[in-house]
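Descriptive analysis of the structure
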Amino acid sequence: MQTENELLTLCSAAEAADFGALRVEPEGLPPLAVFFDDGEYFVTDDTCSHGEASLSEGMVEGGKVECPWHSGKFCLRTGAAETFPAETPVRVYPAILRDGHVCIRRPE
């Protein structure tokens, strides 16, 4: 069972839903991207594995995010790189909704 101490609050769920994608910079972690697509929340590392682009600035559709620099696509559920030039997956963090906020388990 998760306790509140294990959870890291990233943003309000409403804010993520309004924007579709947000960059958040939690202390001690790389920048993260919070996505809202087709009624679900997803969290990934924000930096594209192919370059230094912010994935939160990319197009989100059909469970995928397209890098704004070179159009490589990543699966929001698994982080898998699905189109060239992206070949290396990005890390994903299961999104947890708590009290109107998007949270993740605090990584060790």
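This text gives an overview of the structure that appears in the document.

Conventions used here
Residues numbered from 1 in each chain as written. Predicted model: local features only at pLDDT ≥ 70, side-chain atom pairs only at ≥ 80, totals over all residues. Heavy atoms only, no water. Salt bridge = Lys/Arg side-chain N within 4 Å of Asp/Glu carboxyl O. Buried < 20%, exposed > 50% of the residue type's maximum accessible area, 1.4 Å probe, protein only. Core = buried A, V, L, I, M, F, W, Y, C linked by side-chain atoms within 4.5 Å. Helix = DSSP H or I, 4+ residues; strand = E, 2+ residues; numbered from the N terminus. Contact = heavy atoms within 4.5 Å. Pairing = 2+ DSSP bridges. Axes fitted to C-alpha atoms, helices over the stretch in contact; angles between N-to-C directions.

Focus: the pattern of salt bridges
The tally for this structure, following the rule as stated, stands at six salt bridges. Residues Lys73 and Glu66 are paired through a salt bridge, measuring 4.0 Å at the closest nitrogen-oxygen approach. Judged by its relative accessible area of 30%, Lys73 is partly exposed. A relative accessible area of 25% means that Glu66 is categorised as partly exposed. Overlapping salt bridges, with partners in common, bring together Arg23, Glu25 and Asp46 in one network.

Regarding the nonpolar core
Ranked by size, the top nonpolar core spans 14 residues in total, and within it Leu10, Cys11, Leu32, Val34, Val43, Val102 and Ile104 carry the most contacts. Mapped by element, the contributors of at least two residues to this core are β1 (7-12), α1 (13-19), β2 (21-24), β3 (32-37), β4 (40-45) and β10 (101-105). With three residues, β1 is the single largest residue contributor to this core. Aside from chain neighbours lying at most four places away, what touches Leu32 is Leu10, Leu22, Arg23, Val24, Pro26, Val43, Thr44, Asp45, Asp46, Tyr93 and Ile104.

Examining the sheet that holds β10
Hydrogen bonds along the backbone pair up the strands of a sheet, which may run parallel or antiparallel. With antiparallel pairing, three strands are arranged side by side in an open sheet as β1-β10-β9. Either end of the sheet is taken by a strand with one partner, and the two such strands are β1 and β9 (96-98). In this sheet, adjacent strand axes meet at a mean angle of 40 degrees when their direction is disregarded.

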